[in-house]
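# An overview of the molecular structure
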Amino acid sequence: MAIRYYTVTWDQLHRDAKALAWRLVDKGPYAGMVAITRGGLIPCAIISRELECRLIETVSIVTYDEEKRGEPSVVKPPAAALESRGEGWLIIDDLVDTGTTAKVIRALLPKAHFATVYAKPAGKPQVDTFITEVSQDTWILFPWDTEPQFVAPIAKSHASSNGG
Ligand SMILES: O=P(O)(O)OC[C@H]1O[C@H](OP(=O)(O)OP(=O)(O)O)[C@H](O)[C@@H]1O
Ligand code: HPA
Ligand SMILES: [Mg+2]
């Protein structure tokens, strides 16, 4: 199955994170927010500004061992939210893909509200609120993982793919 790409610019990320804040505002107020590092940090900053929520905790889950997917490990637990099992807390990540990361956090903070900006079908059941769904075979290219670069004119790449 060919992989597709969905490019997200800084502007789009800002708009989509604000759209998520609009969906979340009536579900609050929140005791605080938990950003899932690293991808959740920037959406969390945008949403914390909109919701005027200044208490931010972080959690770090590592799901890859070198190149291979290994057992997920909690590198940094969300200490401030653990005692309440997440009650009243808002968890933010950039996206949910297979749902592996979300399942680990849900086990730590079962009472929290879990929100992501983007969601793929396999992980969607783990998320309470999200903005945009993309297909499972789509790789989301975030602005912090990309940079603008020269692209050949269509006529040139078309000619080379036709043997010209
Ligand atoms: O639903 P899953 O299959 O678990 O995938 C989603 C997670 O993968 C990415 O994080 P990653 O672990 O690559 O780390 P990063 O945020 O530090 O880049 C993304 O930011 C999500 O947290
Ligand atoms: O689609 C994706 N884009 C960026 N990072 C990711 N981590 C899991 N899935 C993705
Ligand atoms: Mg992440």
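First things first, this report covers the structure right here in the doc. Predicted model, so just to flag it, every value in this text is computed and none were measured.

Cut-offs used in this document
Residues numbered from 1 in each chain as written. Chains lettered and ligands numbered in written order. Predicted model: local features only at pLDDT ≥ 70, side-chain atom pairs only at ≥ 80, totals over all residues. Heavy atoms only, no water. Salt bridge = Lys/Arg side-chain N within 4 Å of Asp/Glu carboxyl O. Helix = DSSP H or I, 4+ residues; strand = E, 2+ residues; numbered from the N terminus. Buried < 20%, exposed > 50% of the residue type's maximum accessible area, 1.4 Å probe, protein only. Near = heavy atom within 4 Å. Polar contact = N/O pair within 3.5 Å; in protein donor to acceptor, adjacent residues only side chain to side chain. 1 Å grid on protein atoms, 1.4 Å probe; cavity = no way out; pocket = protein on both sides within 12 Å on 5 of 7 lines; lining within 4 Å. Sits in = over half its atoms within 2 Å of the grid points. Nonpolar A, V, L, I, M, F, W, Y, C, P; charged D, E, K, R; others polar. Phe/Tyr/Trp six-rings, centres within 6.5 Å; stacked < 30°, edge-to-face > 60°. Areas by Shrake-Rupley, 256 points an atom, 1.4 Å probe, with all protein chains shown as cover.

On to the pattern of salt bridges. Applying the stated criterion to the full structure yields seven salt bridges. Its salt-bridge partner being Asp97, residue Lys120 comes within 2.9 Å of it at the nearest N-O pair. Here Lys120, found in the loop between strand E6 (113–119) and strand E7 (129–133), pairs with Asp97, found in the loop between strand E5 (89–96) and helix H4 (100–108); they are 23 residues apart in sequence, far enough to count as distant. Judged by relative accessible area, which is 23%, Asp97 ranks as partly exposed.

The environment of ligand 2 is made up of Leu95, Asp97, Lys120, Trp139, Ile140 and Phe142. In the environment of ligand 2, a nitrogen atom lies 2.7 Å from a nitrogen or oxygen atom belonging to the side chain of Asp97. Between an oxygen atom of ligand 2 and a side-chain N or O atom of Lys120, the distance comes to 2.8 Å. Mapping ligand 2 onto the cavity grids shows that it belongs to the largest pocket. Class assignment of the residues belonging to the shell around ligand 2 gives a composition of four nonpolar, no polar and two charged.

This brings us to the packing of aromatic side chains. The final tally for this structure, using the stated rule, is four aromatic pairs. Geometrically, the ring pair formed by Tyr118 and Phe142 is tilted, given 6.0 Å between the ring centres and 50° between the ring planes. Remark: Phe142 occurs in the loop between strand E8 (138–141) and helix H5 (154–161) and Tyr118 occurs in strand E6; sequence separation between them is 24 residues. On the accessibility criterion, Tyr118 (0% relative accessible area) is buried. Pairwise contacts between aromatic rings join Tyr6, Trp10, Tyr118, Phe142 and Trp144 into one cluster.

Attention now goes to the site of ligand 1. Near ligand 1 there are 14 residues, and of these Arg38, Asp93, Asp94, Thr98 and Thr101 occur at the shortest range. Between ligand 1 and Thr101, the relevant distance is 2.6 Å, taken from an oxygen atom to a side-chain nitrogen or oxygen of the residue. Notes on ligand 1: free accessible area 490 Å², of which the protein chains cover 80%. For ligand 1, the cavity whose grid points lie within 2 Å of the majority of its atoms is the largest pocket. Among the elements of the structure, E5 and H4 are those that each provide at least two residues to the shell around ligand 1. The element best represented in the shell around ligand 1 is E5, accounting for four residues.

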